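Spelled out, the chains give:
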Amino acid sequence: MNAVPQERRVVTAIPGPKSQELQARRLDTVAGGVGSTLPVFTKRAGGGIIEDVDGNRLIDFGSGIAVTSVGASAEAVVRRAAAQLQDFTHTCFMVTPYEGYVEVCEALAELTPGDHAKKSALFNSGAEAVENAVKVARSYTKRPAVVVFDHGYHGRTNLTMALTAKNMPYKQGFGPFAPEVYRVPVAYGYRWPTGAENAGQEAAAQAIDQITKQIGAENVAAIIIEPVLGEGGFIEPSKGFLPAIVKFANDNGIVFVADEIQSGFCRTGQWFACEDEGIVPDLITTAKGIAGGLPLAAVTGRAEIMDSVHGGGLGGTYGGNPVACAAALGAIETMKEQDLNGKARRIEEVMKARLVTMQEKFPVIGDIRGRGAMIAIELVKDPATKEPHAAGAAALAKACHAAGLLVLTCGTYGNVLRFLPPLVIGEDLLNEGLDIIETELASI
């Protein structure tokens, strides 16, 4: 096994000379539209560390955007995927099926919320899962419209760009987009005009009013929301918002879709974030954390909804690839055996305590939010006006990178630092990463 030493080490500038050489080669042949948060080239990774080609070891607070929750080289993932590689790499499930695909669907039926009969279809990416959830919902309801929310992110395909709120960099110059997509308010407590305590009730009332008057509930196939909004800034909708939206969907025959692509699989300290308020979605989309870094995604839902699609209507050449399915079974095994829900809750405990202390010292931290190992700070120029401080977030991320801590930014205003450490990170590394954030906060 690739046992990466679990200690931060900075031996060159970040990025170092070998990374800079590789970056020069990259610029010659990789499309300019493909960005990178930090152009250090990875040699190996595992636990809470990414080691680059120059021998630097960075503390990982990104997990490949919430993908490597079990670590980037988890034993069970490597063991199962390697064994599957020996047997066969591909047959296409639509040509000759295999047991691994069925086993993943069985696991999804067991783990996702609700005790109703469930079925799944497997795909390659989160965007594909969301797109197929829309296909299923339209097939089941025979309705066209899809409702999404302010600050939501659902992918980069044509339909999912339409579903995504933020223009730059996801949508700029790529239109026209898919029709029959409607956006309504979300309960963003920190920025709600009448205060966070009113946001849940008021935002739900506004959203429902807009759907009723502007679209007509009888025309809506699906309402899609991330139970914790990811790219939009790790926004937890204020309490009461999601249950009100779910009730409205249920009362009007609308398929309620929980997009758990970033928040699912133990990330928030529960198998799925929607469990927090007892939400049982009709369909749930998963990807990212499902397979320990291999490309796999799923739509799981009520059997009668999933089975509304005609035979052959769902699929794709690589969907539910056998190696990715094996990796998923290894990731789920790791999550259960190591109680990664418990680990995520412990990460929240450590991080929030430290961040609250930092907020007392540094008023640039306007808000601390999130659950489990999906935590964020929103930076503002002035806590009274809450004016977003995007430059501060960029500067803080850059300073952390130079010190050997990988962090990511997000948010509609570009002013949020999000923390997504692998759930297997050691507490010493977690605290060391927080030390770096505290030190660098002083400099901005």
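Quick summary incoming for the structure in this document. (Residues numbered from 1 in each chain as written. Predicted model: local features only at pLDDT ≥ 70, side-chain atom pairs only at ≥ 80, totals over all residues. Heavy atoms only, no water.)

1. Observations regarding helix 3 (residues 75-87)
Thought 1: Taking 1.5 Å of rise per residue, 13 residues should cover 18 Å, and helix 3 covers 19 Å from first to last C-alpha, within 8% of that figure.
Thought 2: Within helix 3, burial applies to Ala76, Val77, Ala81 and Gln84. Down the axis of helix 3, the sector holding all buried residues measures 115°, keeping them to one side. (Helix = DSSP H or I, 4+ residues; strand = E, 2+ residues; numbered from the N terminus. Expected span 1.5 Å × (residues − 1). Buried < 20%, exposed > 50% of the residue type's maximum accessible area, 1.4 Å probe, protein only. Arc of directions from axis to C-beta.)

2. A few points about the sheet that holds strand 11 (residues 365-371)
Thought 1: Taking strand neighbours across the sheet as the criterion, the 4 strands line up as 11-12-15-14 in an open arrangement whose pairing is antiparallel. Lying at the two open borders of the sheet, with one neighbouring strand each, are strand 11 and strand 14 (408-410). Across this sheet, the average inter-strand angle for adjacent strands is 25°, counted without regard to direction.
Thought 2: Here strand 12 (residues 374-379) runs beside strand 15 (residues 416-419); their pairing, made up of 4 bridges, is antiparallel. From the neighbouring strand, Ile375 faces strand 15, where its bridge partner is Phe419.
Thought 3: Across the sheet, helix 12 (residues 390-402) touches strand 12, strand 14 and strand 15, and the angle it forms with strand 12 is around 125°. (Pairing = 2+ DSSP bridges. Axes fitted to C-alpha atoms, helices over the stretch in contact; angles between N-to-C directions. Contact = heavy atoms within 4.5 Å.)

3. Some words on the sheet that holds strand 5 (residues 145-149)
Thought 1: Taken in spatial order, the 7 strands of this open sheet run 4-10-9-8-7-5-6, and their pairing is mixed. The sheet is open, and its two edges are formed by strand 4 (118-123) and strand 6 (181-184), each paired on a single side. Averaged over all neighbouring strand pairs, the angle between strand axes comes to 20°, with direction disregarded.
Thought 2: As judged from the 3 bridges shared by strand 5 and strand 7 (residues 220-225), these two strands associate in the parallel manner. Opposite Val147, over in strand 7, you have Ile223 as the bridge partner.

4. Concerning the environment of Thr37
Thought 1: Note that Thr37 resides in the loop between helix 1 (17-29) and strand 1 (42-46).
Thought 2: Along the sequence, Thr37 and Leu406 sit 369 residues apart, while their C-alpha atoms lie 8.9 Å from each other.
Thought 3: Dropping the residues within four chain positions of it, Thr37 is found in contact with His401, Val407 and Leu408.

5. Some thoughts on the packing of aromatic side chains
Thought 1: What the rule picks out here adds up to 9 aromatic pairs.
Thought 2: Taken together, the aromatic side chains of Phe88, Phe93, Tyr98 and Tyr101 make up a single cluster linked through ring pairs.
Thought 3: Over the ring of Phe177 we find Lys171; its NZ or CZ atom is 5.4 Å from the centre of that ring.
Thought 4: Cation over ring: Lys386 sits above Tyr190, and NZ or CZ is 4.4 Å from the ring centre. (Phe/Tyr/Trp six-rings, centres within 6.5 Å; stacked < 30°, edge-to-face > 60°. Lys NZ or Arg CZ within 6 Å of the ring centre and 35° of its normal.)

6. Here we look at the state of the cysteines
Thought 1: Counted by the stated rule, this structure contains 0 disulfides.
Thought 2: Here Cys325 is not disulfide-linked; the sulfur of Cys105 is the nearest cysteine sulfur, at 7.4 Å.
Thought 3: Residue Cys325 is classed as buried on the basis of its relative accessible area, which comes to 0%.
Thought 4: With no disulfide partner, Cys400 has as its closest neighbouring cysteine sulfur the one in Cys410, 14 Å distant. (Disulfide = S-S within 2.5 Å.)

7. Focus: helix 13 (residues 427-443)
Thought 1: Spanning 17 residues, helix 13 covers 25 Å between terminal C-alpha atoms, matching the ideal 24 Å at 1.5 Å per step.
Thought 2: By the burial criterion, the buried members of helix 13 are Leu429, Leu430, Gly433, Leu434, Ile436, Ile437, Glu438, Glu440 and Leu441.

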